[in-house]
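Here are the chains, one letter per residue:
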Amino acid sequence: MPALHSIVYTSTAVHPMNSGDLDALLVDARNFNRQNAITGVLLHCGNNFMQCFEGPEAAVQQVYQRILGSRKHTDVLEFMNLPIQKRTFSDWAMGSATTTPSELLALSTAQWSQLTSELTFSPFTPPGLAVLQVFWSMRQSSH
């Protein structure tokens, strides 16, 4: 079994996205992710996005290179890019949720870098990822 890897980042869409644009993006991402054993979630608020995706390292890095090369968004800010021991969002080829500006701000200002250098071979979850896990589980239980 290949080593697992996870990346979390935020970005801003270059052009306003309507619900059809977002649906098309999600369909494309879900199809690619299913074929490449990638799981994760995409949070969005207006033109601002936060994405967490995980899977085999080679596939995750391939996805990330596609993201970094895309001209559809700008201001990519990486919060986490490291090996993981287990998946956080194993049930989601690409879960999606709309957030409020304050929720997205809270998630993006969580302590993502604390202990990151020590996590490569550690069972501990970065604090920012723990906040994202709680947010996602609360969001799913309320629907």
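Residues numbered from 1 in each chain as written. Predicted model: local features only at pLDDT ≥ 70, side-chain atom pairs only at ≥ 80, totals over all residues. Heavy atoms only, no water.

## Description of the layout of surface pockets
What the largest pocket holds in volume is close to 700 Å³. Lining the largest pocket we find 27 residues, and of these Leu 25, Ile 67, Ser 70, Lys 72 and His 73 sit closest to its centre. Breaking the lining of the largest pocket down by element, the ones donating at least two residues are strand S1 (4-13), helix H1 (19-35), strand S3 (48-56) and helix H2 (57-69). Element by element, the count of residues in the lining of the largest pocket is highest for H1, at 8 residues. The residue makeup of the lining of the largest pocket, split by class, is 16 nonpolar, 7 polar and 4 charged. (1 Å grid on protein atoms, 1.4 Å probe; cavity = no way out; pocket = protein on both sides within 12 Å on 5 of 7 lines; lining within 4 Å. Points joined across faces, edges and corners; volume = space filled by probe spheres on them. Helix = DSSP H or I, 4+ residues; strand = E, 2+ residues; numbered from the N terminus. Nonpolar A, V, L, I, M, F, W, Y, C, P; charged D, E, K, R; others polar.)

## With respect to the pattern of salt bridges
Taken as a whole, this structure holds 1 salt bridge when the rule is applied. In this structure, Arg 66 engages Asp 28 in a salt bridge whose closest nitrogen and oxygen atoms are separated by 3.4 Å. One end of the pair, Arg 66, is in helix H2; the other, Asp 28, is in helix H1, with 38 residues separating them in the sequence. Of the residues examined, Asp 28 reaches a relative accessible area of 43% and is grouped as partly exposed. (Salt bridge = Lys/Arg side-chain N within 4 Å of Asp/Glu carboxyl O. Buried < 20%, exposed > 50% of the residue type's maximum accessible area, 1.4 Å probe, protein only.)

## Some words on the pairing of strand S5 (residues 95-98)
Residues Gly 95 and Ala 97 point to one face of S5 and are all buried, whereas Ser 96 and Thr 98, pointing to the other face, are not buried. Inspection of the sheet shows strand S2 (residues 39-45) paired to S5 by 4 bridges, in the parallel sense. Note on S5: the bridge partner recorded for Leu 42 is Ser 96. (Pairing = 2+ DSSP bridges.)

## Topic: H2
Compared with the 18 Å implied by 1.5 Å per residue over 13 residues, the 18 Å span of H2 between its first and last C-alpha is a close match. Listing the buried residues of H2 in full gives Ala 59, Val 60, Val 63, Tyr 64 and Ile 67. Along the axis of H2, the buried residues cluster in a sector spanning 135°; they form a single face. Relative to its buried face, H2 has exposed residues pointing more than 90 degrees away, namely Ala 58, Gln 65 and Gly 69. Residues of H2 that are buried make contact with S1, H1, S3 and strand S4 (73-84). (Expected span 1.5 Å × (residues − 1). Arc of directions from axis to C-beta. Contact = heavy atoms within 4.5 Å.)

## Remarks on the side chain of Asn 33
Secondary-structure assignment places Asn 33 in helix H1. The exposure class assigned to Asn 33 is buried, which follows from its relative accessible area of 3%. Filtering out sequence-adjacent residues up to four positions away, Asn 33 remains in contact with Ile 38, Val 63, Ala 93 and Met 94.

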